[in-house]
Protein chains: 2
Amino acid sequence: MSQRKTTIREVASRAGVSLGTASNVFNGKAGVGAESRQRVLEAAEALGFRPNSLAAGLRRQRTRTIGLVVPDVLNIVFNELVEHLENIALSQSYEVIIVTSREDPEREHERVRALLSRRVDGLVIVPTRDWSATEREMRHHRIPVVVLDRVAAHDHFPSVAVDNAAATRLGTEHLLGLGHRDLAFVINSTRLWNSAARVEGFLAAMRAAGLEKRARVLLPGMTEEETRAGVLPVLTAANRPTAVFTGSNVATLGVLRAVQDAGMAIPQDLSLLAFDDFAWLTVLRPFVSAIRQPTEALAGHAWRILTAAFEAPDRPAEHIRLPAPLIARETTAAPPGKVKAPRRMKAFKDTVDGALP
Amino acid sequence: MSQRKTTIREVASRAGVSLGTASNVFNGKAGVGAESRQRVLEAAEALGFRPNSLAAGLRRQRTRTIGLVVPDVLNIVFNELVEHLENIALSQSYEVIIVTSREDPEREHERVRALLSRRVDGLVIVPTRDWSATEREMRHHRIPVVVLDRVAAHDHFPSVAVDNAAATRLGTEHLLGLGHRDLAFVINSTRLWNSAARVEGFLAAMRAAGLEKRARVLLPGMTEEETRAGVLPVLTAANRPTAVFTGSNVATLGVLRAVQDAGMAIPQDLSLLAFDDFAWLTVLRPFVSAIRQPTEALAGHAWRILTAAFEAPDRPAEHIRLPAPLIARETTAAPPGKVKAPRRMKAFKDTVDGALP
DNA sequence: CTGTTAGCGCTTTCAG
DNA sequence: CTGAAAGCGCTAACAG
């Protein structure tokens, strides 16, 4: 395949300088005469020189590359995370290699090994449900790691995530403040990482309002269709909730389908609040009120912690939890038959008015 | 940062064999005794050896890595392309590094240079609108390249795409077959790669039916909002079309919004056919009829051509154009006031019944 | 079947 | 300020 690429040696010789000098030019090192520098650059241009980062990384023992492991990249939250991390990294002349685990622990492990073989300088990971093997591998290799989004109670590695319980508490208080009393929280499964915390926040807010008896938690299943099927009877029952709070993308999709099946109108018959915002929520009318993850800030913290670890590998693990704002749009309103009490509650100070992303 | 990783030399010495033998084990070379092999593997396991692919690539002059350049990865079409290409590559023990151009020619060029520095063995690219600089760079480096999806009339590189004109012809004939006569084709701009071909196919079908006078092509702009605003007056005019064919994701979103604004019902008041299928089209009721790109087949051809070029770099460029099936779902029906003529036309033989992805 | 050796392209001392 | 030389970890060629 393709003939040999031009090397820095050829560039140097064409420029009439030594190999070392040429190297210094490309690495912005001080101590190269202006004229030499100029000639090196010209020679490189003329020859179409592209430095071999394999050789550089091998010699330098750092690659200025970080690995980013996400379950998937179609999900708007992960996509934004990737995008922001990439922006920061590129601005610091780091590269990022993205790999996807597809929620499969084995694939995750295998992809991480590939990143390790590439000698990435650090790793940011949104782990799968059971990532113990992956974690062990990472610990063994003593490479800086930051866990993002799906954090467990006590992570060995530094972690960055939204404060899930606080976020659902906030959302629940929003619905309560509108006059709702019968609330349902819909999420796929509490076995997933953040889900338990989300349920907990919901229940805490209901308890604080003395409404624990009227709090319903629905776990209809992992798919959109299971959610639709599981939620539909609840929505059409006599004692149906007046508001539904969905704890994940899939749950939101499933509930929307169930609402259509039930022929209900949002927010007249039912209020809906979603966890995680989506780009495509904009096709829906009315616009869906949502808890939005501050992905840019999350990515910023992950980067900061990771690069700090490059300097000082043995610092204690930091654990960041950020508040997630509530974006009140059109799907949350007073319950049917009630007069809305638009008094703004203190708890709503994080609420943001809903400009679309 | 992190202490030195274990090398193949350490593995070899622990296993009591020579460096070369250890290397042969990891590369599956014949001629290693079963016992030696076993001991090497054990030593590697015990030491947590992870081969340094930088060193291997440097020495071997091939990295078993391909670069994949896409505008973006949130778009379902690109996402599927990436996914399929990755699946094939991994199954052949190749790695793929994905970079995103964000539709920015400069960023595209810069990202390609980074891939070149990593010495990828080949490149698959979905180019931006003006990728001449990128293209020149690639030609200079004589690296195998396949252009995917956004192909131009005469590409220097091998190319793989859908036959856009044929696809819109098929879609248009579907609408005509249902009895529609006043059709509008909505797309962002004909300056974009495939868009011109899509418009052409639409017009060709209308011309063939003797309806060129009633064919409308709308170019409302690049954004969803511009599309909504541009299309709305057309939908509410007295001589409104009875069916709309959207030529891109953005156009579809914009039209859906306009339809909602106009208070129209689909398909009772208006039929809608979309180019490109989306996962989230499933939230919409009724299900949107769409032209689906055969992403798996596209990826397969791209891979085949690329790897063929590894063997024989100078073979003439192949140009693949695949048919795109029409998935008739619920948004395309007979026009208002017409009796549907459900006679299946010959041209529909590519039509597939609409199972959701 | 196993061991030795040269060198991939680069960065980084260290002398000049 | 510049040049020569060593070596990062690995594979491939060749000698035993």
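As recorded in an unreviewed UniProt entry, chain A goes by HTH lacI-type domain-containing protein and comes from Inquilinus limosus.

**A few points about the interface of chain A and chain B**
Opposite the 59 residues of chain A that make contact, chain B presents 60 residues. Buried surface at the junction of chain A and chain B, summed over both partners, amounts to about 5800 Å²; 51% is from carbon and sulfur atoms. Summed over the shared surface of chain A and chain B, the result is eight salt bridges. Here A:E95 ties to B:R111 by a salt bridge, and the two come within 2.8 Å at their closest N and O atoms. Counting the contacts that link chain A with chain B gives 20 residue pairs in polar contact (both at pLDDT 80 or more). Secondary-structure elements contributing two or more residues to the side of chain A that touches chain B are α4 (53–60), α5 (76–91), β2 (95–100), α6 (105–117), α7 (132–141) and α11 (249–262) of chain A. Looking at the side of chain A that touches chain B residue by residue, the classes come out as 22 nonpolar, 18 polar and 19 charged.

**Describing the protein's contact with DNA strand C**
Lining the immediate environment of DNA strand C, one finds 26 residues, of which A:I8, A:R59, B:S18, B:G33 and B:R59 sit closest. Put simply, 65% of the atoms of DNA strand C that lie within 4 Å of the protein are in sugar or phosphate. With respect to DNA strand C, the side chain of A:N27 contributes an N or O atom lying 3.2 Å from a phosphate oxygen. When residues of the surface near DNA strand C are traced back to their parent elements, those giving at least two are α2 (19–26) and α4 of chain A together with α2 (19–26) and α4 (53–60) of chain B.

**Examining a positive patch on the surface**
Residue and element names in this part refer to chain A. Positive charge collects at one region of the surface, where K29, R60, R62 and R64 lie side by side. When you line up the elements, K29 lands in the loop between α2 and α3 (34–47). With relative accessibility at 49%, the residue K29 sits in the partly exposed group.

**A look at the protein's contact with DNA strand D**
Near DNA strand D there are 25 residues, and of these A:S18, A:R59, B:I8, B:K29 and B:R59 occur at the shortest range. Between DNA strand D and A:G33, the relevant distance is 3.0 Å, taken from a phosphate oxygen to a main-chain nitrogen or oxygen of the residue. One of the side-chain N or O atoms of B:K29 is found 2.8 Å from a phosphate oxygen in DNA strand D. No other element matches the four residues that α4(B) contributes to the surface near DNA strand D.

**Side note on the packing of aromatic side chains**
Inspection of the entire model under this criterion finds twelve aromatic pairs over all chains. Here the aromatic rings of A:W131 and A:F157 are separated by 6.3 Å at their centres, their planes lie at 45°, and the arrangement is tilted. Within this pair, whereas A:W131 is found in the loop between β3 (122–125) and α7, its partner A:F157 is found in the loop between β4 (145–148) and β5 (159–162), the two being separated by 26 residues in sequence. Judged by its relative accessible area of 5%, A:W131 is buried. On the numbers, 5.3 Å between centres and 80° between planes, the contact of B:Y94 with B:W303 is edge-to-face. A residue pair is termed long-range when its members are at least 10 positions apart, and B:Y94 in the loop between α5 (76–91) and β2 (95–100) and B:W303 in helix α12 (residues 295–311) qualify at 209 residues. Taken together, the ring pairs in this structure connect A:Y94, A:W303 and A:F310 into an aromatic cluster.

**Some remarks on the domain arrangement of chain A**
Residue and element names in this part refer to chain A. Annotation of chain A at the domain level lists domain 1 (8–51), domain 2 (65–162 + 296–322) and domain 3 (164–293). The C-alpha-based centres of domain 2 and domain 3 are spaced at 30 Å. A combined buried area of about 1200 Å² lies between domain 2 and domain 3, and 51% of that area is made up of carbon and sulfur atoms. In this assembly, domain 2 and domain 3 are joined by one salt bridge. A salt bridge links E80 to R292, with the shortest nitrogen-to-oxygen separation between them at 3.2 Å. Inspection of the region where domain 2 meets domain 3 yields three residue pairs in polar contact (both at pLDDT 80 or more). If you tally residues by element for the side of domain 2 that touches domain 3, the top one is α5, at three residues.

**Some remarks on the environment of B:R150**
Residue and element names in this part refer to chain B. Along the chain, R150 falls in the loop between β4 (145–148) and β5 (159–162). R150 sits 45 residues away from S195 along the chain, and the two C-alpha atoms are 9.4 Å apart. Not counting residues up to four positions away in its chain, the partners in contact with R150 are P71, F78, E103, V126, P127, T128, W193 and N194. Engagement of the side chain of R150 in a polar contact is seen with the backbone oxygen of P127, the distance being 3.0 Å.

**Concerning the pattern of salt bridges**
The final tally for this structure, using the stated rule, is 30 salt bridges over all chains. Here the residues in one salt-bridge network are A:R50, B:R113 and B:E137, joined through shared partners.

Calculation rules
- Residues numbered from 1 in each chain as written.
- Chains lettered and ligands numbered in written order.
- Predicted model: local features only at pLDDT ≥ 70, side-chain atom pairs only at ≥ 80, totals over all residues.
- Heavy atoms only, no water.
- Contact = heavy atoms within 4.5 Å.
- Buried area = accessible area lost by both parts, 1.4 Å probe.
- Salt bridge = Lys/Arg side-chain N within 4 Å of Asp/Glu carboxyl O.
- Polar contact = N/O pair within 3.5 Å; in protein donor to acceptor, adjacent residues only side chain to side chain.
- Helix = DSSP H or I, 4+ residues; strand = E, 2+ residues; numbered from the N terminus.
- Nonpolar A, V, L, I, M, F, W, Y, C, P; charged D, E, K, R; others polar.
- Near = heavy atom within 4 Å.
- Patch = residues over 30% accessible without salt bridge, like charges linked within 9 Å, V, L, I, M, F, W, Y side chains within 5 Å.
- Areas by Shrake-Rupley, 256 points an atom, 1.4 Å probe, with all protein chains shown as cover.
- Lys, Arg positive; Asp, Glu negative; His and termini not counted.
- Charge placed at Lys NZ, Arg CZ, Asp CG, Glu CD.
- Buried < 20%, exposed > 50% of the residue type's maximum accessible area, 1.4 Å probe, protein only.
- Phe/Tyr/Trp six-rings, centres within 6.5 Å; stacked < 30°, edge-to-face > 60°.
- Domains from an automatic or database assignment.

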